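Report on the structure
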Amino acid sequence: MYYGSYKAPRELLWILGMVIFLLLMATAFLGYTLPWGQMSFWGATVITNLFSAIPFVGKAIVTWLWGGFSVDNPTLNRFFAFHFLLPFVICAVVFLHVWALHMTGSNNPTGVEPKTSADTVPFHPYYTAKDFLGVVIFLAIYALFTFYLPNVLGHPDNYIEANPLSTPAHIVPEWYFLPFYAILRAVTWDIGIPFTHITIIEAKLGGVIAMFGAIAVLFALPWLDRNPVRSCNYRPVYQKFMWALVVVWILLGQAGGHAPDDHVTVFGTDLHFTWVVVAQLGMLYYYVHFLVVVPWLSKNEKTLPLPESIDADVQAKIDAKIAAIKAGDA
Amino acid sequence: MKRLFAILIAVMLAVPAFAAEDEAKLPHVNWPQDGMFGTYDRASLQRGYQVYKQVCAACHAMKQLSYRDLADLGYNEDQIKTLAAEVQVQDGPDDAGNMFERAGRPSDHFKAPFANEKAARAANGGAYPKDLSLMIKAREGHADYVHALLTGFEDPPAGFKVPTGMYYNTYFPGHVIGMPPPLSADGLVSYADGTVATKDQMAKDVTEFLSWAAEPELETRKKMGLQVLIFLGFFAVAMYFVKKQIWKGVKH
Ligand code: HEM
């Protein structure tokens with residue numbers, strides 16, 4: 001997103017990436033139900049119940065998903081089957097993703113298309129070596145969690161067996177879903193026709209729409225942002241909004257992890273407002289960012305001059321470094 | 001790179017900064033299994049099993065454990081056979097279609113004190129003594145919480161009404177618990193190894209035992225983790241130099 005890799009001609013590549021993202025979310029959700037602890041059970045209940053917000057057919061869809069009239073053994077069975085199946089679907093889409101990548105070639109931090117062979121290096125050995133280093137570092141961090149901190153990212157309640165008769169005090173998803181969960185719970189009001197008592201969209205459905213909408217806007221990003229300059233390095237204003245988005249995402253994650261009515265405390269100081277307010281403001285920023293800021297900047301931002309080529313940019317940086325060293329010596 | 005670190009640090013700061021203050025701070029115990037190289041204390045595990053068997057097992061099941069799992073505590077096969085044979089378990093049906101009682105075997109799961117949840121509640125004033133197999137992992141605060149709970153029975157502060165049949169506990173959420181203080185007096189058990197059975201000693205030992213029950217794989221996991229990290233560490237350093245060598249001729 002930061003380097004604008006979603007822009008023409010890479011829209012298909014981006015969309016396929018989003019499909020992988022969506023499938024991955026589904027797989028992870030289905031997997032989390034498999035240990036069949038309290039969080040598994042109630043997480044499955046909450047998420048499948050979201051579909052009941054769909055007008056008219058919602059209830060029927062939920063019964064169909066469950067394979068019965070509540071989350072039960074048939075649900076677990078089919079969720080396992082899907083949890084097994086989806087990773088292979090993901091694998092297939094990854095192939096399409098790589099295929100699409102090979103049609104356009106990779107983007108780069110300047111966002112400028114390569115012009116001559118001076119701009120690029122072969123994937124092997126340059127990127128195989130570099131990526132291998134990255135993979136090994138990732139695996140080391142991953143191993144640290146697996147072998148030494150296996151419980152820090154989990155929830156203690158999932159070590160309690162699933163019990164349909166006892167609802168946990170706080171139902172929370174795994175950490176990577178928390179920002180979306182915050183958006184789901186941020187919509188606390190019904191949307192209706194003003195000055196009447198007619199409700200068009202109930203709060204519950206509103207939350208569901210907001211949550212899926214948050215993913216949908218990402219699908220639309222290539223068309224929301226048509227600024228010819230790709231990289232944020234040359235878009236000083238958009239760059240600031242991008243970092244704001246990162247901060248907001250972290251705050252949304254925090255909001256998702258706390259009960260909506262809990263007061264926000266920072267280092268033990270009560271700030272006298274609740275987490276649901278944080279979630280609502282976060283959601284507001286999220287949508288304003290993608291639906292107002294991005295399209296507006298797409299037309300109106302004064303971008304910085306782009307480098308002549310990737311090679312020229314690299315050369316300029318090296319020259320600047322040498323100049324800085326010389327200045328330091330003098 | 002600098003920015004990436006900034007984000008990582010921001011995330012790490014964000015989590016504890018917003019953490020709500022705990023109701024009562026749990027006293028921290030230095031458990032022998034803590035840390036990168038920590039292992040269980042076998043003598044303490046055996047004492048803890050004794051406390052579980054003689055005290056807690058009157059109310060709490062541990063259905064995920066079999067008697068043969070006790071080999072991990074340092075008991076040999078004969079000792080385990082003897083321990084298992086102390087209980088009578090229901091088996092069957094036999095050829096005539098009848099259920100029958102027989103002495104426990106090492107492959108049997110720990111015998112539960114009550115036939116079902118209803119029976120357990122009926123015997124405990126409506127409160128349910130939960131299965132302790134995974135208790136340590138199933139509570140915020142883990143071993144520290146269970147140890148604090150066992151030693152946290154006190155007189156309620158002035159004005160705090162505790163319903164009859166319930167007890168005041170500093171660390172239980174809401175402070176009103178249906179479990180009578182299980183370790184109410186020193187010397188409740190007499191340890192086979194001669195250790196003085198103070199209340200705190202028993203609480204520590206039984207918590208150590210429950211920690212093992214919840215994570216019997218802890219020692220293997222840490223040992224394997226060390227090997228994996230050493231391997232990946234060397235691999236990372238090697239790849240760093242390989243990458244540097246390969247990219248030497250490239251402007252970047
Ligand atoms: C994209 C790949 C995958 C993702 C993101 C994923 C994610 C997860 C997650 C989050 C859990 C819950 C773990 C827990 O909380 O204990 C889980 C459990 C499980 N997954 Fe997957 N999984 C993937 C692929 C697979 C595949 C290919 C299989 C093959 C059958 C599989 C089999 C299982 C099983 C059996 C469990 C339950 C075991 C347990 O809970 O410990 N998963 N998965």
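Residues numbered from 1 in each chain as written. Chains lettered and ligands numbered in written order. Predicted model: local features only at pLDDT ≥ 70, side-chain atom pairs only at ≥ 80, totals over all residues. Heavy atoms only, no water.

1. Quick notes on the nonpolar core
Residue and element names in this part refer to chain A. For the record, the criterion: To define a nonpolar core, start from buried Ala, Val, Leu, Ile, Met, Phe, Trp, Tyr and Cys residues and group those joined through side-chain atoms within 4.5 Å. For every residue, the accessible area obtained with a 1.4 Å probe (protein chains only) is divided by the maximum for its type, and the residue is called buried under 20%, exposed over 50%, and partly exposed between those limits. Numbered from the N terminus, helices here are DSSP runs of H or I no shorter than four residues, and strands are runs of E no shorter than two. For the purposes of this description, domain bounds are those given by an automatic or database domain assignment. Note on contacts: a residue pair qualifies if any of its non-hydrogen atoms lie within 4.5 Å across the two residues.
In terms of nonpolar packing, the biggest core is built from 66 residues, with Tyr238, Met283, Tyr286, Tyr287 and Phe290 touching the most fellow members. Of all the elements in the fold, those that place two or more residues in this core are α1 (11–33), α2 (38–50), α3 (58–66), α4 (73–104), α6 (178–186), α7 (203–224), α8 (236–257) and α9 (275–300). Shared between two domains, this core holds at least three residues of each, these being domain 1 (1–113 + 121–171) and domain 2 (178–330). Ignoring sequence-local partners within four residues, the contact set of Tyr238 consists of Tyr6, Asp225, Cys232, His289, Val294, Leu297 and Glu301.

2. Quick word on the packing of α1(A) against α4(A)
All names here are of chain A. Worth spelling out the cut-off: Whenever a helix is involved, its axis is fitted only over the stretch in contact; in every case the axis is a line through C-alpha atoms, and angles between N-to-C directions fall within 0 to 180 degrees. Comment on the angle field: the value is read as roughly parallel under 35 degrees, roughly antiparallel over 145, roughly perpendicular from 65 to 115, and oblique elsewhere. Definitions for this section: a left-handed crossing has its near helix turned counterclockwise from the far helix by less than a right angle. A right-handed crossing has that turn clockwise. Under the scheme applied, nonpolar residues are Ala, Val, Leu, Ile, Met, Phe, Trp, Tyr, Cys and Pro; charged residues are Asp, Glu, Lys and Arg; polar residues are all the others, including Gly.
Where α1 contacts α4, the axes come no closer than 8 Å and their chain directions differ by 160°. Looking at the two axes, α1 sits roughly antiparallel to α4. Relative to α4, the crossing made by α1 is left-handed. Partitioned by chemical class, the residues of the contact of α1 with α4 number 22 nonpolar, seven polar and no charged.

3. Details of the site of the ligand
All names here are of chain A. The line we're drawing: One heavy atom suffices: a residue is near a molecule or strand as soon as one of its heavy atoms comes within 4 Å of it.
As a matter of local geometry, the ligand sits amid Leu24, Thr27, Ala28, Gly31, Tyr32, Leu34, Pro35, Phe80, His83, Phe84, Pro87 and Tyr176. The set of elements that each furnish at least two residues to the shell around the ligand consists of α1 and α4. Considering every element that reaches the shell around the ligand, the biggest residue donor is α1, with five residues. Of the residues in the shell around the ligand, the class split is nine nonpolar, three polar and no charged.

4. What to know about the packing of α7(A) against α9(A)
Residue and element names in this part refer to chain A. Where α7 meets α9, the axes come as close as 11 Å, and the angle between the chain directions of the two elements is 15°. Taken together, the axes of α7 and α9 are roughly parallel relative to one another. As for how α7 packs across α9, the hand of that crossing is left-handed. Facing α7, whose interface residues are Ile209, Ala210, Gly213, Ala214, Val217, Leu218, Leu221 and Leu224, α9 presents Met283, Tyr286, Tyr287, Phe290, Leu291, Val294, Pro295 and Ser298. Within the contact of α7 with α9, the residues separate by chemical class into 14 nonpolar, two polar and no charged.

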